[in-house]
Amino acid sequence: MPDMSASVSLAVTHLVPLAKEVDENKVTPGVLGFIVFAVMALAVWGLMKSMSKHMRKVDFKESPAAEGEPAGKKADSTAERG
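These numbers come from a predicted model, not from an experiment.

### Some words on the overall build of the protein chain
Link 1 in the chain: In terms of helices and strands, the protein chain carries 3 helices and 0 strands.
Link 2 in the chain: Listing each helix as α and each strand as β along the protein chain from the N terminus yields α-α-α.
Link 3 in the chain: Considering the protein chain as a whole, with its 82 residues, one finds that 0% of them fall into the buried category.
Link 4 in the chain: With an accessible surface of roughly 8,000 Å², the protein chain has 66% of that area assigned to carbon and sulfur atoms.

### Quick notes on a positive patch on the surface
Link 1 in the chain: Judged by side-chain charge, Lys49, Lys53, Arg56 and Lys57 come together as a positively charged surface patch.
Link 2 in the chain: You can see Lys57 is positioned in helix H2 (residues 30-57).

### Topic: a nonpolar patch on the surface
Link 1 in the chain: Nonpolar side chains collect at one region of the surface, where Val44, Met48, Met51, Met55, Val58 and Phe60 lie side by side and expose about 610 Å² of accessible area between them.
Link 2 in the chain: On the secondary structure map, Met55 appears in helix H2.

Reading guide: rules and limits
Residues numbered from 1 in each chain as written. Predicted model: local features only at pLDDT ≥ 70, side-chain atom pairs only at ≥ 80, totals over all residues. Heavy atoms only, no water. Helix = DSSP H or I, 4+ residues; strand = E, 2+ residues; numbered from the N terminus. Buried < 20%, exposed > 50% of the residue type's maximum accessible area, 1.4 Å probe, protein only. Areas by Shrake-Rupley, 256 points an atom, 1.4 Å probe, with all protein chains shown as cover. Patch = residues over 30% accessible without salt bridge, like charges linked within 9 Å, V, L, I, M, F, W, Y side chains within 5 Å. Salt bridge = Lys/Arg side-chain N within 4 Å of Asp/Glu carboxyl O. Lys, Arg positive; Asp, Glu negative; His and termini not counted. Charge placed at Lys NZ, Arg CZ, Asp CG, Glu CD.

Right under this line is the structure:
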């Protein structure tokens, strides 16, 4: 790297001893791991909020059958036609 400036060269020489102090047997997720985890947590929170909003719109009450016959028989008769 012949075009390296003096400040970059000085920074690299100061960082090399710091890198050697790190235990090579210890693995940590670091900042990137935290960022990925935080993004995934925010995505799950957003999905849960959206699901909650959609579930509030659902009507769980069963409507009465239109012709007075049970819903199971009505579904069977439509299956026979189709």
